[in-house]
Amino acid sequence: MIKIAEVNQFLAFFTPFKTNEHIIPGFLIILFFSVQTACTQQRPGTVVEFPKPKPPVQITENGKEHLFASYYGINSWSANQRYVTILQTDVKHRLPDENDPATLGLVDLETNKFIPLTQTRAWNFQQGCMAHWLSTSPDSLIIYNDFRDDRFVSVIMNVHTKNEIKTIPYPVSAVAPNGKEAVSINFSRLRKTRTDYGYGGDGQDAKENIQFPKNDGLFLLNLETGEARLIVSIAQVKKLVPEIPEEGIEYFNHTLFSRGGSKIFWLARAIPNRNTTSFTVNRDGSNLRRCFPDDWGGSHFDWLNDNELMITANYDATQYAHVLFTIGEQDYKRLGKGLLDYDGHGTFSPDGKWMVTDTYPSRGLREQKIYLMDMKTEAVLSLGRFVQPKEFYSYWRCDIHCRWSPNGDMIGFNSTHTGSRQVYIIKLGNNN
């Protein structure tokens, strides 16, 4: 029986190395796999058995840059888990704009072959083109953002026929579990306020001269009719967020439906002095709530279910941590027993048993780390360390941005540790 704390102390002395360009276990990962049946004895009678991870496999070819076609935590797999949505581009060390089309395609996980579908001019390195598989036809239909006729739109496509089913006159930032609704926000306003998350091209009215516009904010989009309804305006949150200077403006970003689709989470932020307020609202626009007390802010997020939400926030206005709580209650809990007290991109497995999260590049060594946590005991296991080259810094940085497969047996992530931006998958075995 091996205690995870002891393994972590031992592994801290080692740095991973490359074996070849497609399989990158490194000594750190090899060592973990040599003890992959390890359990941790948290207390008498409590044993945690982690999945048995295989070495990460690079599923995209060198020569061009690749990334998952959506933000972290968003499912990138078809329901049968054969295909994943990927962006391919020649842009590497600069901020892309509307004149830099990226190729949206699929990687066939049986062959690791890239299958081009179309091009999009509404994308960025942080969130791709926000491609989502639609649960109405989860093995064939996707929705993604594009810039057409001087306007940001979203397009529903059949990936097997490559036929466009529908073009909707609004971009999407999150899609409901039912596949019939989405959240839309202003990506032109984002380009002015959070450059690396917006799109070039002025495809929407940024309203950059209005601090708190009444006709902009969080829109609920009907994917069947193409109609959009404003459910929370930016003006509505004016008294709920910190004051901003005369030259500042408020904006919305980072939206996500709850697991059952009844609620929506998002962040309200401002420039020039960025402050953050975390919010939830019912999908019909009722029950607008702040998530935290003053000065807790918020950064990254995932819903555990329809009522419990994890946000990385400044816990007790003192320490950044992965904070789990119930909407409408103040049962705030720091996850990880002190091991995850930082701002990471945490996301829960489909069954809610595990949370995977990552780190930003460490100072000096520039290591990005991936951790897996058991939700029941909060035991933490490292899944690897990946060094980000210094040239991947600024608006074109590459965050690890983990995501789960629908069956919860694979974790995908982006990395630049080989010198180019590529996509990787860790397969998780069972404990039988």
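Just above sits the structure.
Everything quoted here is computed from the prediction, not taken from an experiment. (Residues numbered from 1 in each chain as written. Predicted model: local features only at pLDDT ≥ 70, side-chain atom pairs only at ≥ 80, totals over all residues. Heavy atoms only, no water.)

> Hey, could you run me through the side chain of Thr 280 in this one?
Within the secondary structure layout, Thr 280 lies in strand E19 (residues 276-282). Those residues in contact with Thr 280 that lie beyond four places of it in its chain are Ile 264, Phe 265, Trp 266, Asn 287, Leu 288, Arg 289, Cys 291, Trp 303, Leu 309 and Ile 327. (Helix = DSSP H or I, 4+ residues; strand = E, 2+ residues; numbered from the N terminus. Contact = heavy atoms within 4.5 Å.)

> Looking at this structure, I do not really get the sheet that holds strand E24 (residues 333-334). What am I missing?
By way of backbone hydrogen bonds, the strands of a sheet pair with one another, either parallel or antiparallel. Reading across from one edge, E21-E22-E23-E24 is the order of the four strands in this open sheet, with antiparallel pairing throughout. Both outer strands of the open sheet, strand E21 (301-303) and E24, are each paired with one neighbouring strand and no more. In this sheet, E24 lies alongside strand E23 (residues 319-326) in antiparallel orientation, the contact comprising two bridges. Paired with Val 323 across the two strands is Arg 334, which belongs to E24. (Pairing = 2+ DSSP bridges.)

> Is there a simple way to think about the environment of Gln 319 in this case?
Secondary-structure assignment places Gln 319 in strand E23. We classify Gln 319 as partly exposed; its relative accessible area is 34%. Between the C-alpha atoms of Gln 319 and Asp 341, which are 22 residues apart in sequence, the distance is 7.0 Å. Ignoring anything within four residues of it in the chain, the contact list for Gln 319 reads Ala 313, Asn 314 and Asp 341. A polar atom in the side chain of Gln 319 sits 3.1 Å from the backbone oxygen of Asp 341. (Buried < 20%, exposed > 50% of the residue type's maximum accessible area, 1.4 Å probe, protein only. Polar contact = N/O pair within 3.5 Å; in protein donor to acceptor, adjacent residues only side chain to side chain.)

> Would you mind going over the packing of aromatic side chains with me for this structure?
Aromatic ring pairs: the centre-centre distance and the angle between the two ring planes describe each pair. Within this structure, the stated rule accounts for 21 aromatic pairs. For the ring pair Phe 265 and Phe 301, a centre distance of 4.8 Å and an interplane angle of 40° mean the geometry is tilted. Here Phe 301 lies in strand E21 and Phe 265 lies in strand E18 (residues 263-271), a separation of 36 residues in the sequence. The exposure class assigned to Phe 301 is buried, which follows from its relative accessible area of 4%. An aromatic cluster is built from Tyr 71, Tyr 72, Tyr 197, Phe 265 and Phe 301, whose rings are joined through pairwise contacts. One cation-aromatic arrangement involves Arg 151 over Tyr 170; the distance from NZ or CZ to the ring centre is 5.8 Å. (Phe/Tyr/Trp six-rings, centres within 6.5 Å; stacked < 30°, edge-to-face > 60°. Lys NZ or Arg CZ within 6 Å of the ring centre and 35° of its normal.)

> For this particular structure, what's the right way to read the pairing of strand E6 (residues 83-89)?
One face of the sheet, then the other: side chains in a regular strand alternate in exactly this way. Judged by how many residues are buried, E6 sits mostly within the fold: seven of seven residues are covered. Side chains Tyr 83, Thr 85, Leu 87 and Thr 89 project from E6 onto one buried face, and the interleaved Val 84, Ile 86 and Gln 88 project onto a second face that is buried too. By the bridge criterion, four bridges tie strand E5 (residues 65-68) to E6 in an arrangement that is antiparallel. Paired with Glu 65 across the bridge in E6 is Thr 89. When E6 meets strand E7 (residues 102-108), the two strands line up antiparallel, connected through six bridges. Residue pairing for E7: Ile 86 is matched across the bridge by Gly 105.

> What is the right way to look at the sheet that holds strand E27 (residues 367-374) in this model?
Across the sheet, which stays open at both edges, the four strands sit in the order E25-E26-E27-E28 with antiparallel pairing between neighbours. Each edge of the open sheet carries a strand with a single partner, namely strand E25 (347-348) and strand E28 (380-387). The pairing of E25 with strand E26 (residues 354-358) spans two bridges and is antiparallel. Within E26, the position partnered with Thr 347 by the bridge is Val 356.

> Honestly, the environment of Pro 116 in this entry has me stumped. Any pointers?
Relative to the helices and strands, Pro 116 is located in strand E8 (residues 113-120). Residue Pro 116 is classed as partly exposed on the basis of its relative accessible area of 42%. Once residues lying within four places of it in the same chain are set aside, the contact partners of Pro 116 are Thr 103, Leu 104, Gly 105 and Lys 162.

> Explain the nonpolar core to me, please; I cannot follow it from the model alone.
Considering soluble globular proteins, one finds that nonpolar side chains tend to be buried as a cluster. Counting 48 residues, the largest nonpolar core has Leu 218, Phe 292 and Ile 311 as the members making the most contacts within it. Here Phe 292 is in contact with Ser 278, Gly 297, Ile 311, Ala 313, Val 323, Phe 325 and Tyr 332, once residues within four sequence places are set aside. Ranked by size, the runner-up nonpolar core spans 21 residues in total, among them Leu 106, Cys 129, Ile 142 and Met 157. (Core = buried A, V, L, I, M, F, W, Y, C linked by side-chain atoms within 4.5 Å.)

> Just to check I follow, could you spell out the environment of Ile 400 for this structure?
Looking at the element boundaries, Ile 400 is found in the loop between E28 and strand E29 (403-404). In this structure, the C-alpha to C-alpha distance between Ile 400 and His 345, residues 55 residues apart in sequence, is 8.3 Å. Dropping the residues within four chain positions of it, Ile 400 is found in contact with Asp 358, Gln 368, Ile 370, Phe 386, Phe 413, Asn 414 and Ser 415.

> What's the story with the pattern of salt bridges in this structure? I'm lost.
Two side chains carrying opposite charge are able to pair once their charged atoms lie near each other. One pass over the structure, following the stated rule, counts 17 salt bridges. A salt bridge links Arg 259 to Asp 302, with the shortest nitrogen-to-oxygen separation between them at 3.0 Å. Of the two residues, Arg 259 is situated in the loop between strand E17 (249-257) and E18 and Asp 302 in strand E21; the sequence distance between them amounts to 43 residues. Assessed through its relative accessible area of 33%, Arg 259 is described here as partly exposed. Note that Arg 334 and Asp 341 form a salt bridge whose closest N and O atoms lie 2.3 Å from each other. Judged by relative accessible area, which is 35%, Arg 334 ranks as partly exposed. Take Asp 341: its relative accessible area is 18%, and that puts it in the buried class. (Salt bridge = Lys/Arg side-chain N within 4 Å of Asp/Glu carboxyl O.)

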